[in-house]
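Survey of secondary and tertiary structure
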Amino acid sequence: MLDKIYSPQAIEAKWTEAWAKAGLFHSEPARDGRRAYTIVIPPPNVTGALHIGHALNNTLQDVLVRFHRLHGRESCWVPGTDHGGIATQNVMEKQLKAENQTRHLIGRERFLERMLAWTRDCKKTILGQLTRLGCSLDFGREAFTLDEARARSVYHAFADFFAKGLISRGERMVNWCVRCGTALSDIEVEHEERKGHLWHIRYPLADDPAHFVTVATTRPETLLGDTAVAVHPEDERYEGLVGRKLLLPLHDRPIPLLADDAIDRAFGTGAVKVTPCHDPADFELWQRHLSEMEAPPAVIGADGKMTPDAREPYAGLSREKAREQVVKDLQAAKGRDGLPLLSKIEPYHGSVGVCYRCQQAIEPRVSEQWFMKMGPLAEKAVAAVDRREHRIFPDSWEKPYREWLGNIQDWCLSRQIWWGHRIPVWYCAGCLGDKLAASVPDGEGLPRKTGRVSALLAAGVPFAKLEQDGVWQYQAGKTPDRDGLAVQSGRPGPCPKCGGTHWLQDQDVLDTWFSSALWPLSVFGWPEETADLKFYYPTDVLVTGYEILYLWVARMQMMGLHFRGQVPFTHTLIHGIVRDKRGKKMSKSLGNVVDPLVLMDKFGTDAFRFSLATQAYPGRDIPFAEESVTGARNFANKLWNSTRFVLMNLEGQGGIVPLEKLDRAQLSLADRWILSEFEAVLAETRAYVAAYNLAAAAGALYRFLWDSFCDWYVELAKLERGVTVRSILVHVLTGTLKMLHPFMPFITEELFAALRVHAGESAEFILGARAPQLSGWADGEARRRMGVVMEAVQSLRALRSQLNVHPGLMIRAFYAGAGPEAEVVREHGDYLRHLAKLESLEPLAGPRPAQSATAVAKTLTFFVPLAGVIDFDKERQRIAKEIARLSAELEHSGRQLQDRNFVERAPEAEVLKVRALRQEAEAKHASLAQTLQTLEAKEGAPGGAA
RNA sequence: GGGCAGUUAGCUCAGCGGUAGAGCACCUCCCUUACAAGGAGGGGGUCGCAGGUUCGAACCCUGCACUGCCCACCA
């Protein structure tokens with residue numbers, strides 16, 4: 001027997017262990033023809049503990065996996081974590097800083113050792129939390145984006161792209177994060193509106209210093225790197241000036257005034273300073289005007305400080321300090337007219353690119369990086385959506401997804417950090433013929449900017465060296481080959497060009513998203529043609545938030561389609577972000593984060609999960625309030641107690657009979673009604689899950705259990721305690737537990753365990769049992785008749801409550817009316833007596849009783865003699881109010897039915913419905929009007945209201 | 001500058017063509033033998049604004065207004 005009190009903690013631990021012991025979540029490729037249902041987890045970064053967003057993400061996946069497992073699919077949910085590149089390295093760098101260390105001080109190898117040790121702890125924490133959340137992950141399949149098996153996929157993919165000419169190295173303008181010290185791809189740059197200024201600076205004409213061209217800029221410090229000023233060719237303000245030289249203020253360097261179509265005449269002064277090294281648009285402009293412009297100086301370095309080219313007194317200053325200094329100096333610098341060269345400062349707010357990992361302003365910078373051409377891959381990803389092989393839920397995301405892919409830019413792949421897959425490219429020192437390169441010991445990294453690729457090699461794996469002794473060998477089987485360059489296993493052999501054996505590996509690592517993009521492939525052993533890959537790929541659904549739709553989802557699609565010709569997952573389910581209860585994004589700095597563990601401790605994991613699920617409408621953000629967990633906890637408690645009730649009914653009684661053995665003719669109205677309702681909620685729930693509307697699915701089950709099952713059926717079940725009722729109680733409850741199990745796995749498992757003997761279930765766990773099967777129980781007649789009972793009960797209860805009849809007091813009642821509804825009351829008087837606490841219920845013989853209150857339901861009228869108890873004044877008010885409501889209703893339906901347009905054009909069913917409702921309202925109205933008349937005729941009763 | 005959502009009861013949200021719903025909060029009554037983490041009843045909304053389509057609009061269309069998000073090299 002169950003404890004009287006529902007206490008979640010104990011049962012959670014118990015079932016977590018039991019499931020693990022039974023290997024319940026393990027999956028192998030099925031040989032019996034069962035279809036796979038596969039989800040790969042969006043691997044959380046190993047940067048710490050999981051937050052509430054992870055809890056939502058994983059709860060939704062678990063609901064789907066458990067649901068499909070219950071419904072007979074060979075379900076496999078692959079767990080794993082992501083090494084998380086810059087984000088993770090940043091956390092470690094902070095730790096080092098606290099110890100007065102830097103990564104450069106301790107060196108690459110020791111740094112990576114520390115990273116590995118630390119991220120191992122994080123992995124443990126994360127997997128522990130997922131377990132605590134009840135996630136039915138196949139833990140034997142745990143993967144890490146930086147482990148050996150994944151490295152294999154990464155190197156294979158890199159080599160393939162290189163061989164196909166999609167990956168190449170080059171010097172280009174990239175987004176540079178000064179704080180993180182690395183290049184970023186375009187999507188790793190966030191745009192923030194920031195307040196700033198527009199500085200107007202006068203550049204004197206070199207041969208006529210009394211005249212000026214005024215440029216407007218938001219970044220005066222880059223002036224030091226200007227190589228030109230540009231205007232629109234048709235801008236009459238600058239007619240005759242184009243082609244002449246200007247004198248760059250502060251440096252007094254002559255620079256040309258160019259004309260270019262890209263210049264917006266309406267902005268600022270129409271004249272733009274051109275700083276190719278520090279602005280992407282200027283960089284392009286420079287390339288268009290190469291012949292007219294000199295090679296541009298880079299005045300801001302990788303560290304965010306001014307370079308020697310910025311000259312004294314700016315060299316060495318931070319870019320922020322340099323701005324102050326430049327502005328100050330421009331204010332002091334006077335033109336030939338005696339006025340400052342800085343002619344105007346106006347407030348200006350524009351969007352500033354910031355690093356998505358540290359929020360520092362991005363510095364556009366020219367540097368040598370690895371790039372991947374994305375166009376051809378993107379086309380395939382778009383085609384997959386066009387062909388509906390890949391669908392996004394909600395589909396409103398398909399358009400932005402398509403557009404992003406349509407405008408895709410090359411992907412900057414290399415990162416100047418250490419934590420990640422090192423780029424599997426080696427350079428031959430001999431071929432480079434570079435002193436610097438030659439001075440580097442064999443196998444060490446290539447100093448940047450030393451030359452072009454001499455050899456590509458999908459080879460030496462630095463992490464394998466660290467994880468275990470010795471060098472792990474890459475065995476791709478097929479080795480790509482391009483430009484006659486040998487690509488070999490292990491370290492490169494002799495250089496095919498010069499025979500040298502002195503190799504330098506590329507210093508950089510790959511963007512963490514490169515390995516993430518391969519995730520659905522790599523977790524199944526690709527590039528090997530494994531049995532797992534054949535059975536589980538393509539996976540069914542990817543569940544994620546919209547913030548990584550491009551960063552991750554799109555790239556997985558592109559990779560999957562490129563390498564397999566098949567989408568990696570057929571559906572993308574996009575959920576919202578968990579916000580605080582006022583809709584604000586949770587953040588440590590706002591102090592509004594809620595810890596999932598705290599909530600699970602306080603309310604139980606099931607309640608926590610259920611509250612997340614009931615709010616997860618597709619694509620909608622969730623304003624999360626603790627009250628919602630309270631509500632879910634209360635629901636869990638309701639489940640608990642209703643099961644206790646059913647178990648109490650079973651105690652000492654005989655067994656139950658299977659549903660299919662029940663004699664339909666023997667069933668009561670309530671029996672037929674609840675079975676009909678149950679069949680309906682099963683269908684409804686399944687339809688909602690299929691549409692990924694998990695909130696609606698959870699809501700449907702909630703209402704069924706609480707409203708239909710507990711409030712009506714269980715109450716009526718108390719009237720008769722026979723085997724039939726017992727059987728139905730057990731079947732319906734067990735079925736409901738099964739359907740709720742994906743949402744609340746622990747409590748349902750506990751309750752199922754208590755019920756299963758009675759229910760004749762042999763399975764030890766819900767996931768081993770069959771999903772509820774029910775068909776043919778839909779019963780419109782039962783629903784109609786039960787509707788009469790329910791309305792009558794509600795009407796009588798309202799009467800009691802509004803006239804202050806004590807809830808415990810049994811009252812007598814008479815009913816008047818004819819037809820099928822009266823018949824329902826006659827047949828089911830026991831229901832009404834029980835539910836409305838009636839001492840007796842009889843048909844009214846003779847005139848309406850005096851000294852009684854009136855209740856109406858459908859076309860029926862109930863009279864409750866309450867002489868002495870009743871406050872007739874109150875009763876008059878009550879009835880008058882009801883009459884007013886009915887009058888309004890009658891007026892409305894009357895107008896509708898008199899409108900020929902409505903009667904002729906509306907669907908017939910609609911007209912019939914209005915007619916039926918009108919009849920009901922008419923009956924009620926007439927009956928109540930008559931009552932009111934009698935009441936008012938009763939002078940002597942205290943009539944004068946107030 | 002484009003695009004996408006949202007605007008419904010005090011709060012948080014469902015509903016998306018037939019006279020407005022839930023949970024919480026609020027008011028009244030009740031510790032009735034599954035459950036006070038409960039039961040019964042009740043108050044509360046001209047569904048952002050303005051037009052249009054329709055017999056009928058919270059729901060479809062067009063504008064507008066806020067709010068939020070995504071994308072974008074206007075210095």
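Residues numbered from 1 in each chain as written. Chains lettered and ligands numbered in written order. Predicted model: local features only at pLDDT ≥ 70, side-chain atom pairs only at ≥ 80, totals over all residues. Heavy atoms only, no water.

In the structure shown here, the tally under the stated rule is 27 aromatic pairs. Between Phe 267 and Tyr 348, the ring centres sit 5.9 Å apart and the planes meet at 90 degrees, which makes this aromatic pair edge-to-face. One end of the pair, Phe 267, is in the loop between strand S11 (253–259) and strand S12 (271–274); the other, Tyr 348, is in strand S13 (residues 342–355), and 81 residues separate them in sequence. With a relative accessible area of 37%, Phe 267 lands in the partly exposed category. Here Tyr 348 falls in the partly exposed class, since its relative accessible area comes to 31%. (Phe/Tyr/Trp six-rings, centres within 6.5 Å; stacked < 30°, edge-to-face > 60°. Helix = DSSP H or I, 4+ residues; strand = E, 2+ residues; numbered from the N terminus. Buried < 20%, exposed > 50% of the residue type's maximum accessible area, 1.4 Å probe, protein only.)

Bringing empty space enclosed by the protein into the picture now. The method is simple in principle: a probe with the dimensions of a water molecule rolls over the atoms, and the space it marks as empty is what remains. Inspection of the entire model under this criterion finds nine cavities of 30 Å³ or more. Quantified by volume, the largest cavity comes out at close to 100 Å³. Forming the boundary of the largest cavity are 11 residues, of which Pro 849, Ala 850, Ser 852, Thr 931 and Thr 934 lie nearest the centre. For the lining of the largest cavity, the elements supplying multiple residues, two or more each, are strand S28 (852–857) and helix H30 (908–937). Ranked by residue count, the leading element in the lining of the largest cavity is H30, at three residues. Broken down by class, the residue content of the lining of the largest cavity amounts to four nonpolar, five polar and two charged. (1 Å grid on protein atoms, 1.4 Å probe; cavity = no way out; pocket = protein on both sides within 12 Å on 5 of 7 lines; lining within 4 Å. Points joined across faces, edges and corners; volume = space filled by probe spheres on them. Nonpolar A, V, L, I, M, F, W, Y, C, P; charged D, E, K, R; others polar.)

All right, on to unusual backbone geometry then. What you tend to see is this: most non-glycine residues have negative phi, and most peptide bonds are trans. Cis geometry marks the peptide bond from Phe 393 to Pro 394, where omega comes out at -5 degrees. Going from Trp 526 to Pro 527, the amide bond is cis rather than trans, its omega being 15 degrees. Examined against the element boundaries, Pro 527 turns out to sit in the loop between helix H15 (519–522) and helix H16 (531–536). Residues other than glycine seldom take positive phi values, yet Gln 851 does so here, at roughly 50 degrees. By relative accessible area, Gln 851 is classed as partly exposed at 32%. In this model, Lys 858 sits at a positive phi of 50 degrees, which is unusual for a non-glycine residue.

Attention now moves to the nonpolar core. In this structure, Phe 514, Phe 709 and Phe 862 are the most contacted members of the largest nonpolar core, which totals 215 residues. For this core, the element with the most residues is helix H22 (residues 694–717), which contributes 14 residues. Among all residues touching Phe 514, those that are not within four sequence positions of it are Val 154, Ala 157, Phe 158, Phe 161, Met 372, Trp 411, Leu 413 and Met 559. With 29 residues, the next largest nonpolar core counts Phe 212, Ala 271, Met 306 and Tyr 314 among its residues. (Core = buried A, V, L, I, M, F, W, Y, C linked by side-chain atoms within 4.5 Å. Contact = heavy atoms within 4.5 Å.)

Looking now at the confidence of the model for chain A. When pLDDT is averaged across chain A, the result is 87; 92% of the residues are at 70 or more. Counted against residues more than four places away or in other chains, residues 446–489, with its pLDDT under 50, gives 121 contacts. For the stretch residues 939–946, pLDDT sits under 50, and the model shows five contacts to residues farther than four places along the chain or on other chains. In the predicted assembly, ipTM is 0.96 and pTM is 0.91. (pLDDT = per-residue confidence, 0-100.)

Time to look at the environment of Ala 531. Its location among the elements puts Ala 531 in helix H16. Judged by relative accessible area, Ala 531 falls into the exposed class, the value being 52%.

Turning our attention to the pairing of strand S7 (residues 189–205). Side-chain positions along a regular strand alternate between the two faces of the sheet. Direction of pairing for S7 relative to S13: antiparallel, over a ladder of 13 bridges. Within the sheet, the bridge partner assigned to Lys 195 lies in S13 and is His 349. The pairing of S7 with strand S8 (residues 208–217) spans seven bridges and is classified as antiparallel. Bridging across to S8, Ile 201 finds its partner in Val 215. A loop of two residues connects S7 with S8, the two strands running antiparallel in sequence. (Pairing = 2+ DSSP bridges.)

Turning our attention to the protein's contact with RNA strand B. Close to RNA strand B lie 51 residues, the nearest being Asp 264, Arg 633, Glu 889, Arg 905 and Pro 907. Taking the atoms of RNA strand B that fall within 4 Å of the protein, sugar and phosphate contribute 59% of them. Contacts to RNA strand B include Thr 218, whose side-chain N or O atom sits 3.5 Å from a sugar or linking oxygen. Here Glu 715 contributes a side-chain N or O atom positioned 3.2 Å from a base nitrogen of RNA strand B. Where the surface near RNA strand B is concerned, the elements lending two or more residues are S8, S13, helix H20 (626–650), H22, helix H25 (780–802), helix H28 (872–898) and helix H29 (900–905). With nine residues, the top contributor of residues to the surface near RNA strand B is H20. The residue makeup of the surface near RNA strand B, split by class, is 20 nonpolar, 13 polar and 18 charged. (Near = heavy atom within 4 Å. Polar contact = N/O pair within 3.5 Å; in protein donor to acceptor, adjacent residues only side chain to side chain.)

Before going further, it helps to examine the side chain of Glu 363. One can find Glu 363 in strand S14 (residues 362–372). Setting aside chain neighbours within four positions, we find Glu 363 in contact with Val 174, Asn 175, Trp 176, Val 178, Arg 219, His 278, Ile 300 and Arg 319.

Before going further, it helps to examine the sheet that holds strand S27 (residues 838–843). As summarised here, the arrangement of the four strands in space is S27-S26-S29-S28, forming an open sheet in which the pairing is mixed. Bordering the open sheet on either side are S27 and S28, each of which pairs with just one other strand. Averaged over neighbouring strand pairs, the angle between their axes works out to 25 degrees when direction is ignored. Examined bridge by bridge, strand S26 (residues 811–816) and strand S29 (residues 860–865) share three bridges and lie antiparallel to one another. Looking at S29, one finds that Ala 816 is bridged to Thr 861. This element, H25, spans S26, S27, S28 and S29 of the sheet and lies at about 150 degrees to S28. (Axes fitted to C-alpha atoms, helices over the stretch in contact; angles between N-to-C directions.)

Any two side chains of opposite charge can pair, on the condition that their charged atoms come close. One pass over the structure, following the stated rule, counts 51 salt bridges. The residue Glu 889 makes a salt bridge to Arg 885 at a minimum N-O spacing of 3.3 Å. Taken together, the residues Glu 889 and Arg 885, both in helix H28 and four residues apart, mark about one turn of the helix. Counted as one network, the salt bridges with shared partners bring together Arg 219, Glu 221, Arg 319, Glu 320, Arg 323 and Glu 363. (Salt bridge = Lys/Arg side-chain N within 4 Å of Asp/Glu carboxyl O.)

Packing of helix H6 (residues 148–163) against helix H17 (residues 549–564) leaves a shortest axis separation of 12 Å and a crossing angle of 75 degrees. Judged by the inter-axis angle, H6 sits roughly perpendicular to H17. Mapping the contact onto sequence places Ala 157, Asp 160 and Phe 161 in H6 and Met 559, His 562 and Phe 563 in H17. Looking at the contact of H6 with H17 residue by residue, the classes come out as four nonpolar, one polar and one charged. (Parallel < 35°, antiparallel > 145°, perpendicular 65-115°, else oblique.)

Let us now look at the state of the cysteines. With the rule as written, the count across this model stands at zero disulfides. Not engaged in a disulfide, the cysteine Cys 177 finds its nearest cysteine sulfur in Cys 358; these two sulfurs lie 3.5 Å apart. Since its relative accessible area comes to 0%, Cys 177 is described here as buried. (Disulfide = S-S within 2.5 Å.)

Here we take up the pairing of S14. With nine of 11 residues buried, S14 is to be regarded as a mostly interior element. Bridging between strand S5 (residues 167–177) and S14 involves 11 bridges; their strand directions are antiparallel. Paired with Ile 167 across the strands is Met 372, a residue of S14. Here S14 pairs with strand S16 (residues 411–412) via two bridges, running antiparallel. In the strand pairing of S16, Phe 371 is matched with Cys 412.

This part takes up the packing of helix H21 (residues 669–690) against H22. Closest axis-to-axis distance for the H21/H22 pair is 8 Å, and the angle between their directions is 170 degrees. Considering the angle they form, H21 stands roughly antiparallel to H22. Between H21 and H22, the contacting residues are Ala 670, Asp 671, Trp 673, Ile 674, Glu 677, Phe 678, Val 681, Glu 684, Thr 685, Tyr 688 and Val 689 on the first element and Leu 694, Ala 696, Ala 697, Ala 700, Leu 701, Phe 704, Ser 708, Phe 709, Trp 712, Tyr 713 and Leu 716 on the second. In terms of residue class, the contact of H21 with H22 is built from 17 nonpolar, two polar and three charged.

A cluster of like positive charges, contributed by Lys 94, Lys 97, Arg 179 and Lys 588, occupies part of the molecular surface. Tracing the chain through its elements places Lys 94 in helix H3 (residues 85–98). (Patch = residues over 30% accessible without salt bridge, like charges linked within 9 Å, V, L, I, M, F, W, Y side chains within 5 Å. Areas by Shrake-Rupley, 256 points an atom, 1.4 Å probe, with all protein chains shown as cover. Lys, Arg positive; Asp, Glu negative; His and termini not counted. Charge placed at Lys NZ, Arg CZ, Asp CG, Glu CD.)

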